[in-house]
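Architecture and fold: a report
What follows is each chain in one-letter form.
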Amino acid sequence: MIYLRNEKGHNAGMRELEKTRIAFYLDNRYIVGRNLKDIERGNPGVGGSQYMQLLVVNHLIKRYADMEIIMYITAEQDFSDGVSVCLVHDIEDALRCMKRDKCRVFILSNWFADLGDGIHKLQLIDKYRIRTIVWAHIFMNQKQYAFIASCKYIRLFVCLGKQQLEMLRGSKLYRKATYINYVLPPVHTIRQVHDEKIVVYVGALYSYKGFHVLAKYWKEIKRNVRDAQLWVVGNAQLYGDNITHGKYNIAEADYEKQFVHYLLNSKGEVDSSVKFFGSLGGEEKEQIVSQATVGIFNPCGKTETFGLSGVEFEAMGIPVVSVYKNSALDIIKDKETGLLFKQERYFPEYIIRLLNDKKYNALLGNQARAFVNKEFNNEKIIGEWYEAIVSIA
């Protein structure tokens, strides 16, 4: 990792290179405790969009010698070898430094959720005249879409899947939009064969990630599968630590009240069939997730542009249950790699079937592995990113 000085003046701290400079911006203040040096070993416990940004950077550096990647970051932290970093105060400072450093392309990622409508900041892209790719990890509002369409220097708008792209059809933004799926995360473990019946949910414990929907039906699932277990990987601290936890220290207080009563026994304690593992990363996470009989990906479907946790389940050969909506339609083939419900009442029914029917479970799991290895492999996805960058550089 190479640190570059953030100084005023021409080419401060930079050495001249013939490589094309590509800029990324990462507000990493909330993840400084995570190990980002070994990103190829798996998600170290950061948000999916942050992890995917780091993974794509690593793959581009390894595969394309004609590019130099510079990460503009907001807190000192160690990154993988080969990643050049520059410490900045905020996105405006980063854009100023990108201009100074003669970056050809800026890939704007994981930004809008932190900056409200972000339009006043988007104006800086045209001010500094940096050719930009907006990597749309999240859904935005119509005002943002219209403004992005009008920005001269935002040359490409990259969605994460077909469903997200189709939502733009008919808009002005559609003309500069495309989609590139997330790359398949490294998976070192396949599903473990055992006789236990384990349902695993992976995701942050916020309402828009839908854990409450699963909790709502847990007692019904237990009535039909008495030895079923629910393992939960994730917490409410993935995107920052400034929250007030509820009584059971599971999630933010108001959200915890929304679902925890579904999981309590007669003594008012969390039932012994339910285990909360908190935020895990790397091999530790894989060891837990690989024991799943059934994987659960956001059962409410809100905000999901791409379901990384769903793909991780499938890569291990684990069938996934989710809602027939948004990105689930891109990553899960209904009745082929998992089961998608159109009406919520079928949600527990699908989980129960996959817990009890080993043959059907194995069939969907095997097909899931084959599907993700074909559709989301590194060679294909990173090649698409290279072509996108070259097209506007």
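Residues numbered from 1 in each chain as written. Predicted model: local features only at pLDDT ≥ 70, side-chain atom pairs only at ≥ 80, totals over all residues. Heavy atoms only, no water.

Digging into the pattern of salt bridges
For the coordinates displayed, the defined rule picks out 15 salt bridges. For the salt bridge of glutamate 283 with arginine 41, the shortest nitrogen-to-oxygen distance reads 2.6 Å. Separated by 242 residues along the polypeptide, glutamate 283 in helix 9 (residues 282-289) and arginine 41 in the loop between strand 2 (20-26) and helix 1 (48-63) bring together distant segments of the chain. For glutamate 283, a relative accessible area of 46% puts it in the partly exposed group. Between aspartate 195 and lysine 358 there is a salt bridge; the shortest N-O distance is 3.1 Å. Pair noted here: aspartate 195 is in the loop between strand 8 (177-179) and strand 9 (197-202) and lysine 358 is in helix 13 (residues 358-375), with a separation of 163 residues, a long-range link. For lysine 358, a relative accessible area of 55% puts it in the exposed group. (Salt bridge = Lys/Arg side-chain N within 4 Å of Asp/Glu carboxyl O. Helix = DSSP H or I, 4+ residues; strand = E, 2+ residues; numbered from the N terminus. Buried < 20%, exposed > 50% of the residue type's maximum accessible area, 1.4 Å probe, protein only.)

Side note on the packing of helix 2 (residues 91-100) against helix 3 (residues 119-128)
Relative orientation of the contacting elements helix 2 and helix 3 amounts to 10 degrees, with a least axis distance of 10 Å. In this view, helix 2 runs roughly parallel relative to helix 3, as classed from their interaxial angle. Both helix 2 and helix 3 take part in a crossing whose hand is right-handed. Note on element contacts: helix 3 touches helix 2 through Lys121, Leu124, Ile125 and Tyr128, opposite Ile91, Glu92, Leu95, Arg96 and Lys99. In terms of residue class, the contact of helix 2 with helix 3 is built from five nonpolar, no polar and four charged. (Axes fitted to C-alpha atoms, helices over the stretch in contact; angles between N-to-C directions. Parallel < 35°, antiparallel > 145°, perpendicular 65-115°, else oblique. Left-handed = near helix turned anticlockwise from the far one by under 90°. Contact = heavy atoms within 4.5 Å. Nonpolar A, V, L, I, M, F, W, Y, C, P; charged D, E, K, R; others polar.)

Things to note about a positive patch on the surface
Where like charges cluster on the molecular surface, the positive patch consists of Lys99, Arg129, Lys152 and Arg155. Mapped onto the elements of the fold, arginine 129 is located in the loop between helix 3 and strand 6 (131-135). Taking relative accessible area as the criterion, arginine 129 reaches 55% and is therefore assigned exposed. (Patch = residues over 30% accessible without salt bridge, like charges linked within 9 Å, V, L, I, M, F, W, Y side chains within 5 Å. Areas by Shrake-Rupley, 256 points an atom, 1.4 Å probe, with all protein chains shown as cover. Lys, Arg positive; Asp, Glu negative; His and termini not counted. Charge placed at Lys NZ, Arg CZ, Asp CG, Glu CD.)

Overview of helix 2
Judged by how many residues are buried, helix 2 sits mostly within the fold: seven of ten residues are covered. For helix 2, every residue scored as buried is listed here: Ile91, Asp93, Ala94, Leu95, Cys97, Met98 and Arg100. Along its buried surface, helix 2 packs onto strand 2, strand 3 (67-73), strand 4 (84-87), strand 5 (105-109) and helix 3. N-cap assignment for helix 2: the residue whose side-chain oxygen lies 3.2 Å from the backbone N of glutamate 92 is aspartate 90. Just beyond helix 2, the residue with positive phi is lysine 102, at close to 60 degrees. (Polar contact = N/O pair within 3.5 Å; in protein donor to acceptor, adjacent residues only side chain to side chain.)

Topic: empty space enclosed by the protein
On inspection of all chains with the given rule, the structure shows four cavities of 30 Å³ or more. In this structure, the largest cavity spans a volume of roughly 120 Å³. Residue lining of the largest cavity: 14 residues in total, with Pro186, Lys285, Glu286, Glu312 and Met316 positioned closest to the centre. Here the element with the most residues in the lining of the largest cavity is helix 9; it accounts for four residues. (1 Å grid on protein atoms, 1.4 Å probe; cavity = no way out; pocket = protein on both sides within 12 Å on 5 of 7 lines; lining within 4 Å. Points joined across faces, edges and corners; volume = space filled by probe spheres on them.)

Thoughts on the packing of aromatic side chains
Going through the model one piece at a time under the given rule, you end up with 16 aromatic pairs. Ring centres of phenylalanine 211 and phenylalanine 259 lie 5.1 Å apart, and the angle between their planes is 90 degrees; this geometry places the pair in the edge-to-face category. A residue pair is termed long-range when its members are at least 10 positions apart, and phenylalanine 211 in helix 6 (residues 211-216) and phenylalanine 259 in helix 8 (residues 253-259) qualify at 48 residues. Taking 5.0 Å as the distance between ring centres and 65 degrees as the angle between the ring planes, the aromatic pair formed by tyrosine 255 and phenylalanine 259 counts as edge-to-face. Here phenylalanine 259 and tyrosine 255 lie together in helix 8, a separation of four residues that amounts to about one turn. Take tyrosine 255: its relative accessible area is 5%, and that puts it in the buried class. Every member of this aromatic cluster is reached through a ring pair, and the members are Trp135, Tyr182, Phe306, Phe371, Phe376 and Trp385. In this structure, lysine 342 is placed above the aromatic ring of tyrosine 324, and the distance from its NZ or CZ to the ring centre is 4.6 Å. Here the basic side chain of arginine 353 rests over the ring of tyrosine 360, its NZ or CZ set 3.7 Å away from the ring centre. (Phe/Tyr/Trp six-rings, centres within 6.5 Å; stacked < 30°, edge-to-face > 60°. Lys NZ or Arg CZ within 6 Å of the ring centre and 35° of its normal.)

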